[in-house]
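Architecture at a glance
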Amino acid sequence: MIQERKTKKGPISLKHGLRHIVGPILQIREETPRTKTFTLSVPDIARTASPGQFLMVWIPGIDEIPMSISATKNSGGIVEFTAANVGEATSALHAMKEGDQLGLRGPLGHGFTLPRSVDKGPLLFVAGGCGSPPLAYATDIAVRKGHEVHVALGASSRPELLFRHRFEEKAQKVIIATDDGSDGIQGTSVDAATFLLDIDTKYAACFACGPEGMLFHLAELIVKYPIPLQVSLERYMKCGVGLCGHCIINDQGARVCLEGPVFNIESLKDSDFGRLKRDSTGKHLPLDTTDGSSTR
Amino acid sequence: MTSNSEVETDPRLQVKIGSVELENPTILASGVLGVASGGLISAWKDGAGAVVTKTVGLKPRVGHPGPRIVGLHGDSLMNAMGIPNPGIGEYLPEIKAAVKQGVPVIGSALGSTPKEFATVASKLVRSGVLAVELNVSCPHVDSLYLLGMDPDSVADVVTQVVGKTKGVPIWIKLPGSTDYPRLVQVAQAAESAGVAAIVALNTLPALAIDTETQTPLLGAGIGGLSGPAIKPIAVRAVSELYKAGLKIPIIGVGGILTGDDVIEYLLAGATAVEIGTGVLIRESTIFSKTRKEMADYLTRHEIQHISELTGCMKDVGVNP
């Protein structure tokens, strides 16, 4: 039986995350050649969101897409998300200008659970490719709570390193890896994580986001150390609130949009993690595990 | 009837929909959780008497662009998924995985022609489903909605399907509508053509507009209304169908959140019910919750068996 998940405010009700709050884009920033950050003021979301949660972003007349929250600020009710230009909807998003209107619903899903105590050791964040946004947000919160944060950041090449400066400003250590060796060590974010794990194995916990192949390899690696690992998964989502079942990953009916997108690695046993995903029709397809590890 | 190790059987709750025996009268409605076998399995483990698959057609469908779901005031919901499905060939493994675990699965079929309905239904039957529910009523796929409101077209589809499904019960899901006389005509035509049960109703055709952007809230432009707002409409439909003297069972659907809601549908004339939007409002443990509430009702009213309630609404007449 599925365990009932509750938010801090009680059971998830229909009112939660099902109505769009429409407002103008206050600012658009280019982060890398492929990614832009969009800033809106939505105090209700800014006040309740936590790192790892996501938004359904409505581009009126085009589509609605899930986007990880990359930052919030209580003053001004600021909410930010960061989108790579990868398809029709994100291309329309990238073409938008400051002042154009977007609809946001959320915060949705369950994010990272940071350790209560700051004395159990530093936290290891592993960000591959476009996996930086929730971890940059998590870094802000963790550092504010007094955690020491170490980051393993990987990308295909130096210009693609997303939120490098944000990580370097807040985290105590940042190890860079690029596929082409244009910055840091030549390799993936998992190689950068290995480097950190081998010099300091007393991490309290590890948090990761990136291509699933990369997450899968990290999960295999982390067994050696062993450190609790939480990963943020990406799946095709149609409703974002656990109704349609498009993002279910196991026989217990765990939904990436509701029970996830962040999962403890143990809860992913006997799931699709690292093996299968669904396309827009719901077709179950093998996940190419070589994809993530070779590029990030 | 398959036993579910996670649920203690309560004989008072068992119902029969024609030849289909269910452990209790609640069924997971089509389009909810059913894309993946895991969704079907988990709903059954929570205590659903049966589960209906995602509606599946012959060819893959991507469905409508987003937003595909939007919440309204008063816990009601609109959706326009657009029946995304990978096509029957790719979907069969999901059904088989659930059937293998003993889940009582009802297949939901879609077709662009009567022949296509029959082809999909026959493939569903071969995958081990207990019954096939024909979706002739999606309110945001125009051709289907129009089909479901036309008695002759429905009879045509049913005749072709019944000829290809080897005696496996065929159910038909009626369109969401307040045109009760028409719904009765469609149900009667379907009954004559050989369906084993009537499912009433699908979501109601509806529209919601965002006033800030002056744009329809759903990507499809229109959608289907579900949840508590439509319950009185669907209960009325069930009652009208029951009073029309159908000889086949009626399965009520629309806005069921509690065991008491199930009882209400039964009193109106239903034999069983389907639950969809309730999965969102009361979470996916809604089946175990309604199950307990139904059992409590039977105890409180000293009723031996839940099927005794079907059609037992006290007739107070209708004032002109």
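Quick notes on the rules
- Residues numbered from 1 in each chain as written.
- Chains lettered and ligands numbered in written order.
- Predicted model: local features only at pLDDT ≥ 70, side-chain atom pairs only at ≥ 80, totals over all residues.
- Helix = DSSP H or I, 4+ residues; strand = E, 2+ residues; numbered from the N terminus.
- Rg over C-alpha atoms; globule rule 2.2 N^0.38 Å.
- Buried ≥ 20, exposed ≤ 12 C-beta atoms within 10 Å, placed from the backbone.
- Expected span 1.5 Å × (residues − 1).
- Domains from an automatic or database assignment.
- Contact = placed C-beta atoms within 7 Å.
- Nonpolar A, V, L, I, M, F, W, Y, C, P; charged D, E, K, R; others polar.
- Pairing = 2+ DSSP bridges.

**Structural notes on the overall build of chain A**
Across its full length, chain A carries seven helices and 18 strands. Against the compact-globule benchmark of 19 Å for 296 residues, chain A has a radius of gyration of 18 Å, which places it among compact chains. Taking the principal axes of the C-alpha coordinates as reference, chain A spans close to 50 × 45 × 40 Å. Classification of the 296 residues of chain A by burial places 54% in the buried group.

**Section: helix H3 (residues 132-144) of chain A**
Residues and elements named next belong to chain A. Between its terminal C-alpha atoms H3 stretches 18 Å, which fits the 18 Å expected from 13 residues at 1.5 Å a residue. Among all positions of H3, only Ser 132, Pro 133, Pro 134, Leu 135, Ala 136, Tyr 137, Ala 138, Thr 139 and Ala 142 are buried. Once H3 ends, the next one or two residues include Gly 146, with phi positive near 100°.

**A word on the domain arrangement of chain A**
Residues and elements named next belong to chain A. Annotation of chain A at the domain level lists domain 1 (15-108) and domain 2 (123-295). When each unit is reduced to the centre of its C-alpha atoms, the spacing between domain 1 and domain 2 is 21 Å. In this assembly, 20 residues from domain 1 lie in contact with 19 residues from domain 2. Mapped by element, the contributors of at least two residues to the side of domain 1 that touches domain 2 are strand S4 (27-32), strand S6 (54-59), strand S7 (63-73) and strand S8 (78-84).

**Brief notes about the interface of chain A and chain B**
Across the boundary between the two partners, chain A contributes 38 residues, which contact 42 residues of chain B. For the side of chain A that touches chain B, the secondary-structure elements that each account for two or more residues are S7 and strand S9 (101-108) of chain A. Among the residues making up the side of chain A that touches chain B, the classes are represented as 16 nonpolar, 14 polar and eight charged.

**Side note on helix H7 (residues 231-243) of chain B**
All names here are of chain B. A rise of 1.5 Å per residue sets the reference length of H7, with its 13 residues, at 18 Å; its end C-alpha atoms lie 18 Å apart and thus fit the reference within 8%. Along H7, the residues classified as buried are Lys 231, Ala 234, Val 235, Ala 237, Val 238, Ser 239, Leu 241 and Tyr 242. Looking at the buried positions of H7, the neighbouring elements they touch are helix H6 (180-193), strand S10 (197-200), strand S15 (250-253) and helix H8 (259-268). Downstream of H7 by one or two residues, Gly 245 has phi in the positive range, about 85°.

**A short note on the pairing of S4 of chain A**
Residues and elements named next belong to chain A. In terms of strand pairing, S4 meets strand S5 (residues 35-41) through five bridges, oriented antiparallel. Paired with Ile 28 across the strands is Phe 38, a residue of S5. Between S4 and the antiparallel strand that follows it, S5, lie two residues.

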